[in-house]
Amino acid sequence: MNRAPLAPRRPGSPAARRRRRTGSMLGLAAWLCGIGFFLPVAWMVLTSFHSETDAATNPPSVGAGLSLHGYREFFGAGSGVSPWPPLINSLTASVVATVLVLLLAVPAAYALAIKPVRKWSDVLFFFLSTKMLPLVAGLLPIYLVAQNTGMLDSIWLLVLLYTSMNLPIAVWMMRSFLAEVPVEMLEAASIDGAGLTTTLTRIVAPVAMPGIAATALISFIFSWNELLFARVLTGIVAGTSPVFLTGLVTSQGLFLAKVCAAATVISLPVIVAGFAAQDKLVQGLSLGAVK
């Protein structure tokens, strides 16, 4: 017995109105959440352009005059302490660690996604299990090893630690991205005689570039923002920008304008990197979500 096709729902039907109302409410909730997350950042930037007197008022003064005093103090106009060495250390450690993570994660993810090994799910779980140990629990052994090997206060120690910390997450992310690479392309490359290096660089990398960009950005952000290891394992030579930021809290008090200016400057590399790669980041994080 053939059934008559269902009539399409009219735009003015109760179901359509409910869907529009639900969509509007969800959109409003998303906007409110976005504004709630953005307001503290906007307030930090605004406070960085105030004088110390206006920044310390309670309640805060919104319409106070603008000043670059906090930025001049951050760049050493009053104290003579330059923030450039910590910023360069953070940039060096984050960039080098991100490059090493990609060089190690892409082949590993390719082996797990395209050329799966036996019990590949156990391998992925092993990678993830390394993140289950609290960082502070491994701090003392790492400190003793670094002390005995002469690597304390070394930027290369941070590079090694950041690479090992971000590698498990990178392998998990890249595995899901590489699983979306069409098998037909890999079979065609294999028939043409392409080796592993050629396949990775000319076939897999262009297709999975959004995923690679998303993985690189997340690895860079985690490395740039890391504080615990950098605070304990570095000193004068290899101190990073988060460590320099904590040093602004002195016994003389908390100078809000200077701290907000420092936090704004230190946040800029991550913001610029995210803005530059936003299209590939969105594509990478949503890769495989829509078939």
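First, a word on scope: everything that follows refers to the structure included in this document. Throughout this document, residue positions are counted from 1 along each chain, in the order its sequence is written. Per-residue local features of the predicted model are confined to residues with pLDDT of at least 70, and side-chain atom pairs are confined, for both listing and counting, to 80 or more; whole-chain, interface and lining totals are unaffected and use all residues. Based on all heavy atoms of the structure, the side-chain values leave hydrogens and waters out of the count.

1. Brief notes about the overall build of the protein chain
Then step 1. Helix and strand assignments follow DSSP, with helices taken as H or I runs no shorter than four residues and strands as E runs no shorter than two, numbered in order from the N terminus. Within the protein chain, the secondary structure is distributed over 14 helices and 0 strands.
Then step 2. Expressed as a percentage of the 291 residues in the protein chain, the buried residues total 34%.
Then step 3. Counted over contacts in the protein chain with a minimum sequence separation of 6, partners at least 24 positions apart contribute 73%. For each residue, the accessible area found with a 1.4 Å probe, counting protein chains only, is set against the maximum for its type, and the residue is called buried under 20%, exposed over 50%, and partly exposed in between. Residue contacts are counted whenever heavy atoms from the two residues lie within 4.5 Å of one another.

2. Focus on a positive patch on the surface
Then step 1. Each patch is assembled from residues with relative accessible area greater than 30% and no salt bridge, linking like charges that lie within 9 Å and nonpolar side chains (Val, Leu, Ile, Met, Phe, Trp, Tyr) that lie within 5 Å. Note on areas: these come from Shrake-Rupley sampling with a 1.4 Å probe, and a residue is covered only by the protein chains present in the view. For this document, the term salt bridge refers to a Lys or Arg side-chain nitrogen within 4 Å of an Asp or Glu carboxyl oxygen. Only four residue types enter the tally: Lys and Arg on the positive side, Asp and Glu on the negative side; His and the chain ends are excluded. By convention, charge coordinates are those of NZ in Lys, CZ in Arg, CG in Asp, or CD in Glu. A surface patch of positive charge is lined by Arg 17, Arg 18, Arg 19, Arg 20 and Arg 21.
Then step 2. Residue classification places Arg 20 among the partly exposed residues on the basis of a relative accessible area of 46%.

3. A few points about the packing of helix H4 (residues 84-113) against helix H7 (residues 155-178)
Then step 1. Axis geometry follows a simple rule: fit a line to the C-alpha atoms, using only the stretch in contact for helices, then measure angles between N-to-C directions, giving values from 0 to 180 degrees. The N-to-C vectors of H4 and H7 enclose an angle of 35 degrees; their axes lie 6 Å apart at closest approach. When you trace H4 past H7, the crossing you get is right-handed.
Then step 2. As a working rule, the residues Ala, Val, Leu, Ile, Met, Phe, Trp, Tyr, Cys and Pro are called nonpolar, Asp, Glu, Lys and Arg charged, and the rest polar, with Gly in that last group. Within the contact of H4 with H7, the residues separate by chemical class into 23 nonpolar, 3 polar and 1 charged. Helix crossings get a hand from a simple test, with the near helix turned counterclockwise from the far one by less than a right angle marking a left-handed crossing and a clockwise turn marking a right-handed one.

4. Thoughts on the environment of Leu 178
Then step 1. Counting through the fold element by element, Leu 178 comes out in helix H7.
Then step 2. On the accessibility criterion, Leu 178 (1% relative accessible area) is buried.
Then step 3. Once the C-alpha coordinates of Leu 178 and Val 204 are considered, the two residues, 26 residues apart in sequence, prove to be 7.5 Å apart.
Then step 4. Discounting residues that sit within four places of it in the chain, Leu 178 has contacts with Val 106, Ala 109, Tyr 110, Ala 113, Ile 114, Val 204 and Ala 208.

5. Re the side chain of Ser 241
Then step 1. Among the secondary structure elements, Ser 241 is positioned in helix H12 (residues 241-246).
Then step 2. A relative accessible area of 1% means that Ser 241 is categorised as buried.
Then step 3. Apart from the residues within four sequence positions on either side, Ser 241 is in contact with Pro 86, Leu 87, Ser 90, Trp 224 and Ile 266.

6. Thoughts on helix H9 (residues 196-207)
Then step 1. One less than the residue count of a helix, multiplied by 1.5 Å, gives the span that helix is expected to have. Between its first and last C-alpha, H9 extends 15 Å over 12 residues, near the 16 Å set by a 1.5 Å rise per residue.
Then step 2. Listed in full, the buried residues belonging to H9 are Thr 199, Leu 200, Val 204 and Ala 205. Looking down the long axis of H9, one finds its buried residues gathered within 145 degrees of arc, a one-sided arrangement. It is the directions from the helix axis to the C-beta atoms that the arc portrays.

7. Examining a nonpolar patch on the surface
Then step 1. Together, Leu 91, Val 95, Val 99, Leu 100, Leu 103 and Leu 104 give the surface a local cluster of nonpolar side chains, amounting to about 510 Å² of exposed area.
Then step 2. Along the chain, Val 95 turns up in helix H4.

8. Re the nonpolar core
Most often, soluble globular proteins have nonpolar side chains that are buried together.
Then step 1. By nonpolar core we mean a set of buried residues, namely Ala, Val, Leu, Ile, Met, Phe, Trp, Tyr and Cys, connected to one another through side-chain atoms within 4.5 Å. Grouped together as the largest cluster of nonpolar side chains are 24 residues, with contacts concentrated most on Met 174, Leu 178 and Val 204.
Then step 2. Put simply, the parts of the chain that give this core at least two residues each are H4, H7, H9 and helix H10 (209-225).
Then step 3. When residues of this core are assigned to their parent elements, the largest contribution, 8 residues, is made by H4.
Then step 4. Counting residues in hydrophobic clusters, the runner-up holds 16 residues, among them Ala 97, Ile 155, Leu 158 and Val 159.

9. What about unusual backbone geometry?
Then step 1. One non-glycine residue with positive phi stands out, namely Asp 153, at about 60 degrees.
Then step 2. Of note, Asp 153 is situated in the loop between helix H6 (139-148) and H7.
Then step 3. When its relative accessible area of 23% is taken as the criterion, Asp 153 is described as partly exposed.

10. Focus: the side chain of Ser 219
Then step 1. Note on placement: Ser 219 falls in helix H10.
Then step 2. You can call Ser 219 buried: its relative accessible area is 3%.
Then step 3. Beyond its immediate chain neighbours, meaning those up to four positions away, Ser 219 contacts Thr 98, Val 101 and Asn 166.

11. What about the packing of H4 against H10?
Then step 1. Relative to each other, H4 and H10 sit at 140 degrees, their axes nearing to 9 Å. Handedness of the crossing formed by H4 with H10: right-handed. Mapping the contact onto sequence places Leu 87, Ser 90, Leu 91, Ser 94, Val 95, Ala 97, Thr 98, Val 101 and Leu 102 in H4 and Ile 212, Thr 215, Ala 216, Ser 219, Phe 220, Ser 223 and Trp 224 in H10.
Then step 2. By residue class, the composition of the contact of H4 with H10 is 10 nonpolar, 6 polar and no charged.

12. Things to note about the packing of aromatic side chains
Then step 1. Each Phe, Tyr or Trp ring, with Trp reduced to its six-membered ring, pairs with another whose centre is within 6.5 Å; inter-plane angles below 30 degrees give stacked pairs, above 60 give edge-to-face pairs, and intermediate values give tilted ones. For the coordinates displayed, the defined rule picks out 5 aromatic pairs.
Then step 2. Ring geometry for Phe 74 and Phe 75: centres 4.9 Å apart, planes at 70 degrees, overall edge-to-face.
Then step 3. On the accessibility criterion, Phe 74 (1% relative accessible area) is buried.
Then step 4. Classification of Phe 75 by relative accessible area gives partly exposed; the value is 35%.
Then step 5. Plain terms: the ring middles of Phe 74 and Phe 244 are 5.9 Å apart, the flat faces sit at 75 degrees to each other, and that makes the pair edge-to-face.

13. Structural notes on the environment of Val 232
Then step 1. Tracing the chain through its elements places Val 232 in helix H11 (residues 228-233).
Then step 2. Separated by 80 residues in sequence, Val 232 and Leu 152 have C-alpha atoms that sit 9.2 Å apart.

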